[in-house]
Amino acid sequence: MMKIVLIGATGTIGKAVSNELKKHEVICVGFKGGDYQANIEDRASLKALFDKIGEVDAIVSTTGMIAFAPVEDLTFEQIKASVDSKLLGQINIFQVGREYVREGGSITLSSGVLAQYPMHSGSAASLVNAAIDSFVKATAFEIGSKLKVNSVSPRFVKETMEMMGMDSASGISAADTAKAYAHAVTTSETGQSFDVVDYI
């Protein structure tokens with residue numbers, strides 16, 4: 001049994017990941033809910049969180065906000081908010097959290113399919129998701145095997161699509177998405193971005 005901190009645990013994917021990893025000790029962290037609360041854009045908030053929790057075997061992030069708008073309408077403020085939340089927020093999780101992960105443990109971040117397959121109104125998401133995948137690859141190259149660092153690249157989640165009134169036929173359920181996160185936690189691989197379709 002591993003001790004795992006799951007940040008973003010109150011979201012649709014986060015809840016599914018928590019259930020997928022239920023044979024382990026999963027500590028659920030949200031912005032307002034969960035076992036503990038933290039603001040990923042505030043490093044002091046994250047340090048206080050990990051000081052309370054102590055050493056862990058793995059950290060999983062399923063959090064981060066992204067703005068969607070046509071590129072002609074997308075404002076700098078929306079891009080900056082996306083970078084501050086999903087990109088820099090997850091880098092905060094890595095930089096603060098790595099001091100609390102036991103040697104040989106893992107940190108898993110969330111990117112997304114728009115890094116490889118852009119869509120209309122998704123330029124901010126493509127920017128941030130590709131940056132996360134590149135950060136993971138470069139970081140793993142530098143730090144070697146003492147800490148595994150990977151990302152999971154979700155597709156569009158059925159439940160979220162349904163909540164937004166979209167046709168969810170092409171979506172992947174949160175439960176199936178969670179299987180890629182479970183793989184990321186247990187694998188010996190590092191520096192990888194795991195596409196959820198490979199683990200259904």
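Bear in mind the structure is a predicted one, so any value in this text is a computation, not a measurement.

*Asks:* Sorry if this is basic, but what is going on with the layout of surface pockets here?
*Replies:* To locate leftover empty space, one rolls a probe as large as a water molecule over the atoms. Put simply, the largest pocket is a space of about 850 Å³. Lining the largest pocket are 29 residues, with Ile13, Gly64, Phe68, Lys86 and Thr160 sitting closest to its centre. Within the residue set of the lining of the largest pocket, elements represented by two or more residues are α1 (12-20), α4 (123-143) and α5 (158-163). In terms of residue count, the dominant contributor to the lining of the largest pocket is α1 (3 residues).

*Asks:* Looking at this model, I keep getting lost on the sheet that holds strand β4 (residues 56-61). Mind explaining?
*Replies:* Read across the sheet, 7 strands follow the order β3-β2-β1-β4-β5-β6-β7 without closing on themselves; strand pairing throughout is parallel. Sheet topology places β3 (36-37) and β7 (193-195) at the edges, where each strand pairs with a single neighbour. Strand direction decides the pairing type here: strand β1 (residues 3-7) and β4, joined by 4 bridges, are parallel. Among the inter-strand pairings, Leu6 is bridged to a residue of β4, identified as Val60. Relative to β1, α1 is tilted by about 170°, and along the sheet it contacts β1, β2 (25-30) and β4. Relative to the sheet, helix α2 (residues 43-53) contacts β1, β2, β3 and β4, its axis offset from that of β1 by approximately 155°.

*Asks:* Which parts of the structure should I look at to understand the environment of Glu20?
*Replies:* When you line up the elements, Glu20 lands in helix α1. Between the alpha carbons of Glu20 and Ser145 there is a distance of 25 Å; along the sequence they are 125 residues apart.

*Asks:* Honestly, the packing of aromatic side chains in this entry has me stumped. Any pointers?
*Replies:* Aromatic ring pairs are defined here through the distance separating the ring centres and the angle between the ring planes. One pass over the full model with this rule turns up 3 aromatic pairs. A ring pair is formed by Phe94 and Phe135, whose centres lie 5.5 Å apart and whose planes are at 85°; its orientation type is edge-to-face. Placement of the pair is Phe94 in helix α3 (residues 76-97) and Phe135 in helix α4, with a sequence separation of 41 residues. Accessibility expressed as a relative area gives 2% for Phe94, which makes it buried. Seen from their ring centres, Phe194 and Tyr199 are 5.9 Å apart, and the 90° between their planes marks the pair as edge-to-face.

*Asks:* What exactly am I supposed to notice about the nonpolar core here?
*Replies:* Soluble globular proteins tend to pack their nonpolar side chains together in the buried interior. If you look at the biggest cluster of nonpolar residues, it comprises 32 residues, and the most contacted ones within it are Val5, Ile7, Leu46, Leu49, Phe50, Ile59 and Ile107. Contributing elements (two or more residues each) for this core: β1, β2, α2, β4, α3, β5 (101-110) and α4. Sorting elements by how many residues they give to this core places α3 first, with 6 residues. Within the second largest apolar cluster, 23 residues are counted, among which are Ile4, Val26, Cys28 and Val60.

Cut-off values and rules
Residues numbered from 1 in each chain as written. Predicted model: local features only at pLDDT ≥ 70, side-chain atom pairs only at ≥ 80, totals over all residues. Heavy atoms only, no water. 1 Å grid on protein atoms, 1.4 Å probe; cavity = no way out; pocket = protein on both sides within 12 Å on 5 of 7 lines; lining within 4 Å. Points joined across faces, edges and corners; volume = space filled by probe spheres on them. Helix = DSSP H or I, 4+ residues; strand = E, 2+ residues; numbered from the N terminus. Pairing = 2+ DSSP bridges. Contact = heavy atoms within 4.5 Å. Axes fitted to C-alpha atoms, helices over the stretch in contact; angles between N-to-C directions. Phe/Tyr/Trp six-rings, centres within 6.5 Å; stacked < 30°, edge-to-face > 60°. Buried < 20%, exposed > 50% of the residue type's maximum accessible area, 1.4 Å probe, protein only. Core = buried A, V, L, I, M, F, W, Y, C linked by side-chain atoms within 4.5 Å.

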